[in-house]
Amino acid sequence: MASEGPEYIPLLPGSPRRLSPQAGSRGGQGPKHAQQCLKMPGPGAPGLQGGSNGDPGQPCGGESTRSSSVINNYLDANEPVSLEARLSRMHFHDSQRKVDYVLAYHYRKRGAHLAQGFPGHSLAIVSNGETGKEPHAGDPGDIELGPLDALEEERKEQREEFEHNLMEAGLELEKDLENKSQGSIFVRIHAPWQVLAREAEFLKIKVPTKKMYEIKAGGGIAKKFSAALQKLSSPLQPRVPEHSNNKMKNLSYPFSREKMYLYNIQEKDTFFDNATRSRIVRVKLRNACINSLIANNIYEAAYPLHDGEYDSPEDDMNDRKLLYQEWARYGVFYKFQPIDLIRKYFGEKIGLYFAWLGLYTSFLIPSSVIGVIVFLYGCATIEEDIPSREMCDQQNAFTMCPLCDKSCDYWNLSSACGTARASHLFDNPATVFFSIFMALWATMFLENWKRLQMRLGYFWDLTGIEEEEEHSRPEYETKVREKMLKESNKSAVQKLETNTTECGDEDDEDKLTWKDRFPGYLMNFASILFMIALTFSIVFGVIVYRITTAAALSLNKATRSNVRVTVTATAVIINLVVILILDEIYGAVAKWLTKIEVPKTEQTFEERLILKAFLLKFVNAYSPIFYVAFFKGRFVGRPGSYVYVFDGYRMEECAPGGCLMELCIQLSIIMLGKQLIQNNIFEIGVPKLKKLFRKLKDETEAGETDSAHSKHPEQWDLDYSLEPYTGLTPEYMEMIIQFGFVTLFVASFPLAPVFALLNNVIEVRLDAKKFVTELRRPDAVRTKDIGIWFDILSGIGKFSVISNAFVIAITSDFIPRLVYQYSYSHNGTLHGFVNHTLSFFNVSQLKEGTQPENSQFDQEVQFCRFKDYREPPWAPNPYEFSKQYWFILSARLAFVIIFQNLVMFLSVLVDWMIPDIPTDISDQIKKEKSLLVDFFLKEEHEKLKLMDEPSLRSPGGGDRSRSRAAGSAPSGQSQLGSMISSGSQHTNV
């Protein structure tokens, strides 16, 4: 090693278990070469002064090979860094090349041998002229590796090979030296212009051209109204640059290296924004199997960087800080969201989520107003409600049958006066109107979302984009390889050995068939049925708790008067706790069930996960409410012939005012509890606890720490400490469940939209703060819509029509009142309605042992009353269902049919009246196509004209012509082209 010439270290296939310590600095093994060597310069190598003409890829035999190194820059963390480099947290060590992506991994060196093998450092030349460190020459030779060391060495080799492949793909890398016993290493990735241009053309990324045109608003009254509305809402607009010019739009066209004269390329480093650059690098990483490496713990994380700190005291402004100040703070809750800036920073997928959430929240405003009006109508008419007045009138003296056996006494109906009056607040004719309104509201919301989605697609240049090619998931590839191995085919085994690091689409014979997936499908079917049965069992357990607790409390005179309130409140709280616990369990179970299905692509995995999680969480959240709404009190029986759950425990029945009030209590507590505890406390508290745990873990972890580095952490260090982004499924799911609470049972709880609105005002800023301050920056994903979530919303909207129809017809007293008023009332009023709903029972026919013990009732009872439509004891068929019962039942079914068809017809009418594509957007799309053709013709004409002019045939002119034809941007840009810096336009949501 003392010689002047470079030393070659041969890299052979396989994973040797006896390595020289110098092998730690060698290049990775290329995937297509049986043997490769990387140059290790000696101390006197001529390239130490920073020259970049050395050839680090010379093979052992002197043959030419690829001129690339595994890593461009090795940086020593202990080496002093200039102030400029410290302040440039988004760039390489040279403060010029931007960090587009970061790979992170944890390493652990052989502690006993580290001091022997690395007593000092010497400079090593790298391919781009940067200097790094290499081990001293002449260190001890071979080192025996233990099992953990062998695993770490194997991971190191895979990382080197992967990084070598990235270099071959044109990316530039930089990372720190592994100069500690253990720690985290960050591989910074920079995509040069050649890679960005090539991949942007391949991905057909639309970029703005030099042409801008004016977006003309509609004329007449609509234009004046829009201008007045914009002026009034100006205090609500966020102060972001994207707001400054929403009347001009750049003509966009997919990037092409042959047509670079179309684009306003002022600086190549800033032509593609950070989100686009990281998206291009992510595609390269995905093609190189980064997902498989992360799944196998070769790397711990892969993420793009945030645009600096959001709370830095410096005056320099970045998009992250701007989002924090104008969007991610609770103090700006009254402002519109800067949707275009959100899309620019996080990508279209996350931008569409927040646009949808903003539209949903704004649509809750009119429904909340109507809900409050309906509630106030109930409050205003409570004194005019004849049935509740009759129930509260003590002169009527309706003697009711005992509510339980033995310990319960006869009671007067007037004692339930408070429940009857409270029921009128929600059970009145206005709730029927509100149910119809909410069904139409759901339809209008979905239609307006489709229109907004098209509008955003136009402004964000999503029209006509092609879906990105989906790659196989690592788990799918592993399953395919296991299948190949089981077939005991020699060629398949050889293919497995040689392609362990390759990924991509398999051949047709390698794909998993339904027979391979059948065990997973069977497990899914059985597990989902078990989970649903478990949910129903828990609901039944709560029912048993209510029955037994009511019976126990009835034995005590002190608690007898508050039995119903106590049982209802405690049962609802138990239901809420169970729902919160099962929600977390079902989310994990749904993910596990989806994994054993082995979906091929990430999109298929996400859709199947969403369906399973929604099904389980839907059943979990709504099964207690469905029980109260449609089943409670329907299977009680009658006095003398009650239905018993266990020996001596009767099935519970509704309150004298009906089950609607209890349904309202159940719905409100579960809805508010989920929003308060799950959506807010969990979202705020759990991430903070995780962050604290990671911080404590990092502090207590063994290993050296760099005090200077800890005082001035780099952006990749700061982002690594944040929570990884796990997708939008939890965010959508909680809003979808809330949408169900707002629409499915709104007839029983008109104030549901109000509480949903209050929650969402906080939820928007809570999610915003989480994305800006607590999560690593997600990959920018282009998509045209919200996917399967729209179908789920549409399904809930249609199902809500049916559920509200049954709530009004069966749970409330709306239909019995109408039938009595128009068929049985003598004067067309509701006088006598309460007496009409009560049947008689002869107390002498009570079963032995069920009569009240030590009755304290102030008069002797011969007949007691119970709520049902049955024949009296003196009728030929005593206690059979009366004609009124069948009449009311048929009226209820008729109402369900009429209500459902009427609302469905109105929904279809609204859908037909509101076009999916706004007229102005449709016109602008046609105009944009025409302008694009004219722009092409004009630019081509100018290009040919420049090439044909004799004056351009001079050397200088020829250079300019060739430069123009080659696609480089002209030095003197027109005023029109310079206006591109304003970025994309903002759309109020």
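Residues numbered from 1 in each chain as written. Predicted model: local features only at pLDDT ≥ 70, side-chain atom pairs only at ≥ 80, totals over all residues. Heavy atoms only, no water.

Some thoughts on the overall build of the chain
1) Next: When helices and strands are tallied, the chain shows 32 helices and 21 strands.
2) Next: For the chain, buried positions account for 50% of its 989 residues.
3) Next: Of the contacts formed within the chain by residues at least 6 apart in sequence, a portion of 79% connects residues at least 24 apart.
4) Next: By element, 58% of the accessible surface of the chain is carried by carbon and sulfur atoms, the whole surface being about 47,200 Å². (Helix = DSSP H or I, 4+ residues; strand = E, 2+ residues; numbered from the N terminus. Buried < 20%, exposed > 50% of the residue type's maximum accessible area, 1.4 Å probe, protein only. Contact = heavy atoms within 4.5 Å. Areas by Shrake-Rupley, 256 points an atom, 1.4 Å probe, with all protein chains shown as cover.)

Focus on helix α26 (residues 788-811)
1) Next: Here α26 spans 33 Å end to end across 24 residues, near enough to the 34 Å set by a 1.5 Å rise per residue.
2) Next: Within α26, 17 of the 24 residues are buried, which leaves the element mostly enclosed by the surrounding structure. (Expected span 1.5 Å × (residues − 1).)

Details of unusual backbone geometry
Both trends apply: most residues other than glycine have a negative phi, and most peptide bonds are in trans.
1) Next: Although it is not a glycine, Ser95 sits at a positive phi angle of roughly 60 degrees.
2) Next: Following the sequence through the fold, Ser95 ends up in the loop between α1 (83-87) and β5 (101-108).
3) Next: Unlike most non-glycine residues, Asn297 shows phi in positive territory, near 65 degrees.
4) Next: Tracing the sequence through the fold places Asn297 in the loop between α8 (290-295) and β13 (301-303).

A few points about the pairing of strand β10 (residues 182-190)
1) Next: The buried fraction of β10 amounts to eight of the nine residues, a majority that puts the element mostly inside the structure.
2) Next: Sheet analysis places β5 next to β10, joined by eight bridges and oriented antiparallel. When the sheet's bridge partners are listed, Leu103 is paired in β10 with Val187.
3) Next: Bridging between strand β9 (residues 172-176) and β10 involves three bridges; their strand directions are antiparallel. (Pairing = 2+ DSSP bridges.)

Digging into the nonpolar core
Nonpolar side chains tend toward joint burial in soluble globular proteins.
1) Next: Residues Leu103, Phe255, Trp356, Tyr360, Tyr622 and Phe745 are the most contacted members of the largest nonpolar core, which totals 169 residues.
2) Next: Ranked by residues supplied to this core, first place goes to helix α20 (residues 602-631) with 16 residues.
3) Next: Residue contacts for Tyr360: discarding those within four places in its chain leaves Trp441, Phe445, Met735, Gln738, Phe739, Val742 and Asn760. (Core = buried A, V, L, I, M, F, W, Y, C linked by side-chain atoms within 4.5 Å.)

Some remarks on a nonpolar patch on the surface
1) Next: On the surface, Ile573, Val577, Ile581 and Ile585 cluster together into a nonpolar patch covering about 340 Å² of accessible area.
2) Next: Turning to its location among the elements, Ile573 is positioned in helix α19 (residues 563-597). (Patch = residues over 30% accessible without salt bridge, like charges linked within 9 Å, V, L, I, M, F, W, Y side chains within 5 Å. Salt bridge = Lys/Arg side-chain N within 4 Å of Asp/Glu carboxyl O.)

Some thoughts on the packing of α19 against α20
The axes of two packed helices give the description: the angle between them and the distance between them.
1) Next: Two elements in contact, α19 and α20, have axes separated by 9 Å at closest approach and are oriented at 155 degrees. When the axes of α19 and α20 are compared, the pair comes out roughly antiparallel. Regarding α19 and α20, the two cross each other, and that crossing is right-handed.
2) Next: When grouped by side-chain class, the residues that make up the contact of α19 with α20 number twelve nonpolar, four polar and seven charged. (Axes fitted to C-alpha atoms, helices over the stretch in contact; angles between N-to-C directions. Parallel < 35°, antiparallel > 145°, perpendicular 65-115°, else oblique. Left-handed = near helix turned anticlockwise from the far one by under 90°. Nonpolar A, V, L, I, M, F, W, Y, C, P; charged D, E, K, R; others polar.)

With respect to the side chain of Ser812
1) Next: By secondary structure assignment, the location of Ser812 is in the loop between α26 and α27 (814-824).
2) Next: A polar contact of 3.4 Å, which involves the side chain of Ser812, links it to the backbone nitrogen of Phe814.
3) Next: Setting aside its immediate chain neighbours within four residues, Ser812 contacts Asp427, Leu660, Val807 and Arg892. (Polar contact = N/O pair within 3.5 Å; in protein donor to acceptor, adjacent residues only side chain to side chain.)

Focus: the UniProt feature "transmembrane region" (unreviewed entry) in the chain
1) Next: With numbering aligned to this structure, UniProt lists the feature "transmembrane region" (unreviewed entry) at residues 353-377, 430-446, 521-545, 565-589, 609-630, 735-758 and 893-914.
2) Next: Between the C-alpha atoms that bound residues 430-446 the distance is 24 Å, and the span itself is 100% helix and 0% strand.
3) Next: For residues 609-630, helix accounts for 100% and strand for 0%, while the C-alpha atoms at its two ends are 30 Å apart. (UniProt positions renumbered as here; feature names shortened; annotations may be inferred.)

Some details on helix α17 (residues 514-554)
1) Next: Relative to the 60 Å expected for 41 residues at 1.5 Å per residue, α17 spans 58 Å between its end C-alpha atoms, a close match to the ideal helical length.
2) Next: Along α17, the largest kink reaches about 30 degrees and is centred on Gly520. (Bend = angle between axes of the 7 residues up to and from the residue.)

Considerations on the confidence of the model for the chain
1) Next: Here the chain shows a mean pLDDT of 76. Residues at 70 or above account for 77%.
2) Next: Mean pLDDT across the elements of the chain ranges from a minimum in strand β2 (residues 18-19), with 30, to a maximum in helix α11 (residues 348-380), with 93.
3) Next: The low-confidence segment residues 74-79, where pLDDT is below 50, has 19 contacts with residues more than four positions distant or belonging to other chains.
4) Next: Confidence over residues 112-142 falls short of pLDDT 50; this stretch has 79 contacts with residues more than four positions distant or in other chains. (pLDDT = per-residue confidence, 0-100.)

Structural notes on the pattern of salt bridges
1) Next: Evaluated as defined, the whole model comprises 34 salt bridges.
2) Next: The salt bridge involving Asp307 is made with Arg777; its shortest N-O contact spans 2.7 Å. Highlighted residues: Asp307 in the loop between β13 and α9 (319-326) and Arg777 in the loop between α25 (752-774) and α26, separated in sequence by 470 residues.
3) Next: Owing to a relative accessible area of 5%, Arg777 belongs among the buried residues under this scheme.
4) Next: Close ionic contact of Asp813 with Lys867 constitutes a salt bridge, the shortest N to O distance being 3.5 Å. With a gap of 54 residues between them, Asp813 in the loop between α26 and α27 and Lys867 in strand β21 (residues 863-867) connect regions that are remote in the sequence.
5) Next: By relative accessible area, Asp813 is classed as buried at 13%.
6) Next: According to the relative accessible area criterion, Lys867 is partly exposed, its value standing at 41%.
7) Next: Via salt bridges that share partners, Arg546, Lys632, Glu652 and Glu662 belong to a single interconnected network.

Remarks on the state of the cysteines
1) Next: Per the counting criterion, the structure on display carries four disulfides.
2) Next: The disulfide bridge from Cys654 ends at Cys659, spanning 1.5 Å between sulfur atoms. Where Cys654 bonds to Cys659 through sulfur, the torsion about that S-S bond is close to -85 degrees, and the disulfide is left-handed.
3) Next: You can call Cys654 buried: its relative accessible area is 19%.
4) Next: Using a relative accessible area of 1% as the deciding quantity, one classes Cys659 as buried. (Disulfide = S-S within 2.5 Å.)

Digging into the environment of Asp176
1) Next: Its place among the elements puts Asp176 in strand β9.
2) Next: Between the C-alpha atom of Asp176 and that of Arg188, which follows or precedes it by twelve residues, the distance is 9.3 Å.

Thoughts on the packing of α11 against helix α14 (residues 429-459)
1) Next: As a packed pair, α11 and α14 sit with axes 10 Å apart at the nearest point and diverge in direction by 160 degrees. Taken as axis vectors, α11 and α14 run roughly antiparallel relative to one another. In the crossing of α11 with α14, the sense of the turn from one axis to the other is right-handed.

Notes on the packing of aromatic side chains
1) Next: Throughout the structure, instances matching the rule amount to 57 aromatic pairs.
2) Next: Here the aromatic rings of Phe354 and Phe771 are separated by 5.5 Å at their centres, their planes lie at 80 degrees, and the arrangement is edge-to-face. Residue Phe354 is found in helix α11, and its partner Phe771 is found in helix α25; the two are separated by 417 residues along the sequence.
3) Next: Overall, Phe354 belongs to the buried group, its relative accessible area being 0%.
4) Next: Note that Arg865 overlies the ring of Phe840, its terminal NZ or CZ placed 3.8 Å from the centroid. (Phe/Tyr/Trp six-rings, centres within 6.5 Å; stacked < 30°, edge-to-face > 60°. Lys NZ or Arg CZ within 6 Å of the ring centre and 35° of its normal.)

Here's the deal with the side chain of Thr783
1) Next: Inspection of the secondary structure assignment puts Thr783 in the loop between α25 and α26.
2) Next: With relative accessibility at 15%, the residue Thr783 sits in the buried group.
3) Next: For Thr783, the side chain forms a polar contact with the main-chain oxygen of Asp785, separated by 3.3 Å.
4) Next: Leaving out residues up to four positions away in the same chain, Thr783 has contacts with Glu348, Lys349, Leu352 and Leu462.

Section: the environment of Ile808
1) Next: Relative to the elements of secondary structure, Ile808 occurs in helix α26.
2) Next: With a relative accessible area of 2%, Ile808 lands in the buried category.
3) Next: Setting aside residues no more than four positions away along its own chain, Ile808 makes contact with Val432, Ser435, Ala747, Phe814, Ile815, Phe895 and Phe899.

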